[in-house]
Amino acid sequence: ELLKVNSQTLELKAITGASAGTINTVLTAITMGTGRQPDPSLSAFYEAWTSELLSYQQLLDTDRAPPGSLSSGHSLRVLANQIKENWLPRIDQPLELLLGATTTRLKPKKTEPVPGLGIDRQEERFAIRATTPAGALRLENHPITLPGAPPQALLPFDAEGRTTPDAQYDTLMGLLFASSAFPIAFPPQRLPICLHQGLTPAGKTTALPCTVPDESPEMMDGGVFDNSPLDLAYTLTGRNKRTRFIYIEPTRAGYQTPQRTSPPGPSSDPYSFFAYLLDLEVGLIDFSQSAELLHLTTDHPDVLTRLQVTERSYPSACAPMGAFFGFFEADLRQFDFYLGLYDGIRQFRQFQESVATASPIAIPKFSGTGKAYLDCMNDVFAGYPERPPACAKPEMNNFYILLRAAIARRERVITGKVADDDLNYFLAYLGEHHFEFRNLDLPPHEADEAKGRIRRELGHRVASFTDKLAWKEELVVGTMAGPALNFFDYAAPRTILYGAVGNAWEVGLSTGLGFHNSFRLNTALSINGLYTLGWRQPVVTFTPALGPEFELLGTAVFQLRLGLRVGYQLSTAGGFTEKTCNLDENTLKCSAPVGQPVLTAVLLSRILLHAGMNWSPPWIPGLPPKDDHLLSFTLALGWQWF
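Throughout what follows, the structure given in this document is the object of discussion.

Rules and cut-offs
Residues numbered from 1 in each chain as written. Predicted model: local features only at pLDDT ≥ 70, side-chain atom pairs only at ≥ 80, totals over all residues. Heavy atoms only, no water. Helix = DSSP H or I, 4+ residues; strand = E, 2+ residues; numbered from the N terminus. Buried < 20%, exposed > 50% of the residue type's maximum accessible area, 1.4 Å probe, protein only. Areas by Shrake-Rupley, 256 points an atom, 1.4 Å probe, with all protein chains shown as cover. Salt bridge = Lys/Arg side-chain N within 4 Å of Asp/Glu carboxyl O. Phe/Tyr/Trp six-rings, centres within 6.5 Å; stacked < 30°, edge-to-face > 60°. Lys NZ or Arg CZ within 6 Å of the ring centre and 35° of its normal. Disulfide = S-S within 2.5 Å. Axes fitted to C-alpha atoms, helices over the stretch in contact; angles between N-to-C directions. Left-handed = near helix turned anticlockwise from the far one by under 90°. Contact = heavy atoms within 4.5 Å. Pairing = 2+ DSSP bridges. Polar contact = N/O pair within 3.5 Å; in protein donor to acceptor, adjacent residues only side chain to side chain. Expected span 1.5 Å × (residues − 1). Core = buried A, V, L, I, M, F, W, Y, C linked by side-chain atoms within 4.5 Å. Parallel < 35°, antiparallel > 145°, perpendicular 65-115°, else oblique.

**Points about the overall build of the protein chain**
- Broken down by element type, the protein chain carries 15 helices and 18 strands.
- Per-residue burial over the protein chain gives 47% buried out of 642 residues.
- For the protein chain, the accessible area works out to roughly 32,500 Å², and carbon and sulfur atoms hold 60% of it.

**Some details on the pattern of salt bridges**
- Applying the stated rule across the entire model yields 25 salt bridges.
- Note that Glu140 and Arg129 form a salt bridge whose closest N and O atoms lie 3.0 Å from each other. Here Glu140 is found in strand β4 (residues 138-141), whereas its partner Arg129 is found in strand β3 (residues 117-131), with 11 residues between them in sequence. Grouping residues by exposure puts Glu140 and Arg129 together as buried.
- In this structure, the salt-bridge partner of Arg561 is Glu549, at a minimum N-O distance of 3.3 Å. In this pair, Arg561 sits in strand β15 (residues 558-571) while Glu549 sits in strand β14 (residues 541-554), placing the two residues 12 residues apart along the sequence. Like Glu549, Arg561 is buried.
- One connected set of salt bridges, linked through shared partners, spans Arg105, Lys109, Arg121, Glu124 and Glu215.

**So, the packing of aromatic side chains**
- Under the defined criterion, the tally for this structure stands at 16 aromatic pairs.
- The aromatic ring of Phe177 is capped on one face by Arg77, whose charged end is 4.8 Å from the ring centroid.
- The ring of Phe488 has Lys451 sitting right over it, with the charged end atom 5.5 Å from the ring centre.

**Quick look at the state of the cysteines**
- Counted according to the given criterion, the structure contains two disulfides.
- The disulfide partner of Cys194 is Cys210, and the gap between their sulfur atoms is 2.0 Å. On the S-S bond that ties Cys194 to Cys210, the torsion sits near 75°, and the link is right-handed. Taken together, the residues span a long stretch of sequence, with Cys194 in strand β7 (residues 194-196) and Cys210 in the loop between β7 and β8 (218-220) at a distance of 16 residues.

**What to know about the packing of helix α11 (residues 368-381) against helix α12 (residues 397-414)**
- Contact pair α11 / α12: the axes reach a minimum separation of 10 Å and the direction vectors enclose 35°. Along this stretch, α11 crosses α12, giving a crossing that reads as right-handed. For the pair formed by α11 and α12, the contact residues are Tyr373, Cys376, Met377, Val380 and Phe381 on the first element and Phe399, Tyr400, Leu403, Arg404, Ala406 and Ile407 on the second.

**Overview of the sheet that holds strand β18 (residues 631-641)**
- Spatial ordering of the closed barrel is given by β11-β12-β13-β14-β15-β16-β17-β18, a layout of eight strands whose pairing is antiparallel. Along the sheet, successive strands turn relative to each other by an average axial angle of 25°, direction set aside.

**Looking at the pairing of strand β17 (residues 607-615)**
- Judged by which residues are buried, β17 turns out to be one-sided: Leu608, His610, Gly612 and Asn614 face inward and are buried, whereas Ile607, Leu609, Ala611, Met613 and Trp615, on the alternate face, are not.
- As defined by bridge partners, strand β16 (residues 592-603) adjoins β17 across seven bridges and the pair is classed as antiparallel. What sits directly across from Ala601, in β17, is Leu609.
- Pairing geometry for β17 and β18, over nine bridges, is antiparallel. Within β18, the residue paired with Gly612 across the bridge is Thr634.

**Focus: the environment of Thr511**
- As for its placement among the helices and strands, Thr511 is situated in strand β12 (residues 505-514).
- Accessibility expressed as a relative area gives 21% for Thr511, which makes it partly exposed.
- The spacing of Thr511 and Glu549 is 38 residues in sequence and 9.1 Å in space, taken between C-alpha atoms.

**Thoughts on the side chain of Thr16**
- Mapped onto the fold, Thr16 is located in strand β1 (residues 14-17).
- In terms of polar contacts, Thr16 uses its side chain to reach the backbone carbonyl oxygen of Pro229, at 3.0 Å.
- Beyond its immediate sequence surroundings of up to four residues, Thr16 is in contact with Thr25, Gly100, Pro229, Leu232, Ala233 and Leu236.

**Some thoughts on helix α5 (residues 74-87)**
- Given a rise of 1.5 Å per residue, 14 residues ought to cover 20 Å, and the 20 Å separating the end C-alpha atoms of α5 matches this to within 8%.
- Looking only at α5, the buried set comprises Ser75, Leu76, Leu79, Ala80, Ile83, Lys84 and Trp87.
- For α5, the secondary structure elements touched by its buried residues are α2 (20-32), α3 (44-49), α4 (56-59) and α6 (165-179).

**Quick notes on the environment of Asp170**
- Its location among the elements puts Asp170 in helix α6.
- The spatial distance from the C-alpha of Asp170 to the C-alpha of Arg77 is 9.8 Å, given a sequence separation of 93 residues.

**Structural notes on the nonpolar core**
- Core analysis: the biggest nonpolar cluster contains 53 residues, and Phe335, Met377, Phe381 and Phe437 have the highest contact counts within it.
- Of all elements in the fold, only α10 (330-354), α11, α12, α13 (423-432), α14 (450-467) and α15 (471-488) reach the threshold of two or more residues within this core.
- Ranked by residues supplied to this core, first place goes to α12 with 10 residues.
- Aside from chain neighbours lying at most four places away, what touches Phe437 is Phe325, Glu329, Leu427, Leu430, Leu442, Ala447 and Ala450.
- Core analysis: the second largest hydrophobic core is formed by 45 residues, Leu27, Leu155, Phe157 and Met173 among them.

**A word on α6**
- The terminal C-alpha atoms of α6 lie 21 Å apart, and with 15 residues this matches the ideal 21 Å at 1.5 Å per residue to within 8%.
- What α6 keeps buried is the set Gln168, Tyr169, Thr171, Leu172, Met173, Leu175, Leu176, Phe177, Ala178 and Ser179.

**Concerning the packing of α12 against α13**
- Where α12 meets α13, the axes come as close as 10 Å, and the angle between the chain directions of the two elements is 140°. It follows from the interaxial angle that α12 and α13 lie oblique. Here α12 runs over α13; the crossing is right-handed. Of the residues in α13, those touching α12 at Ile401, Leu402, Arg404, Ala405, Ala408, Arg409 and Arg412 are Tyr425, Phe426, Tyr429 and Leu430.

Set out below in structure tokens:
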């Protein structure tokens, strides 16, 4: 909308993106082709990003997803169809815009441009020209390669424009789904493409046809190797020295954040091989995602003088959980939409100061529901001490809480008390102020239960995810998933099955009964004396037992449980009866009632150390009343499943 009201001063020539940025690229093209929309809440961006189709219930449809993915992508396709039905018919404005997007091949394509020079082609870059020659959207492949350069990937668009706008939109959606197919979250997408050798001189607008695709490789998230395709934007428009670039960086804070710096000179910390591997992995990932930026600014340093990087004025509500927190509550996505609008207006004013224009840049006048929310945000961020009248409507309760939370989070970030994306403090604040998590079905007085509810919902979907894997993979992933979720938020499992081996063997089942599964019922079978099976008179005991168990300590790393069971020891000596037992020298191996105090320590929710005691009451007929003959101890090491 800012660009529309300043069309005589500023002209948007190109927009590029990868992953979620590809979605915004497409939405920008649609919006620029439609008329003015003064109510932000009626925009295509708002409709897309606040849709319930992006809630975790819709998005993480693991029951429908193929093996190896948490989502089938069905809700995204439904959303794409809604956007097509609601917005394509509205495109009636003159439009000429270049779109750029990147994808990553799941398996690299082996190429040999000259004999002996093998190159793996893994990243694909797409350039598309969007126009409205007859009041309807038209999409064409735009040339970006020089003659003799490696072939350019093309989408199957008819260069003569004979295909319908709906069909071209569907083709573009294929690219969008591929570029945003975040590994594991979404399945790779097969994308029909042509590979065009650069025969058209670069800079010409001649459309490149692709009527019969050469291949349909599996594609995934374009952000794997080029998360910020500024180089593609430069290729599309940068040779014009008047072109300026706006680089949207959602993680950049416009307020002071504590910087973690390493002291100069060699580190005094002891060498850690695992820390070295982690630093190496993180460094390689960060470099691979920003390598294109390094090459661009090295080869074309002039771009730095024409570049403005965006920044946030307050912490994003969706930032925690790797920016996936917003999928658990639509109001978080709504808040970030208006925060982006607030920052966009602020930075457009800064952009005006840095660019010499013939006339001042105008700020559009907003109206409707969107204006009400923006007015509320402006008043709170301006320092209004209490809830301002602009925020008085009951439906703005959550929005107002998020505004106050953003101010509190920013202050704590500046003082170094929390990180910008700290989830625990954010949730604590929302719980204290009775935020309503509607998607999680939590009323305001239960807001502090949000983290546990998210953990439970994730657990259900991870279980469904692992069920579709091969049994070996299911065993490994399932074994790792539980402890990993516990690091997010520890929760005692409802049901635990375990086995342990030591001076006695034991298998058991522990079931949660209440108090967040801290109070439990433990059923077990202990077997002792298996080592005597080779003897002339083997003595083996079997002890079924049952009793309460309580989790004394529960953390992601370590758990401690204390139990007291009662049971009956059945011994092969005497044919499993007390009266015929003839082991007077060791009555502990006779059949008798037993009590079993048990202490269980668990590491990482899996490795189990089991210590217990068997006690036979001295008043049992036939047993000598000697305490030293009535006690025995067990120690075993085992594994638990849940």
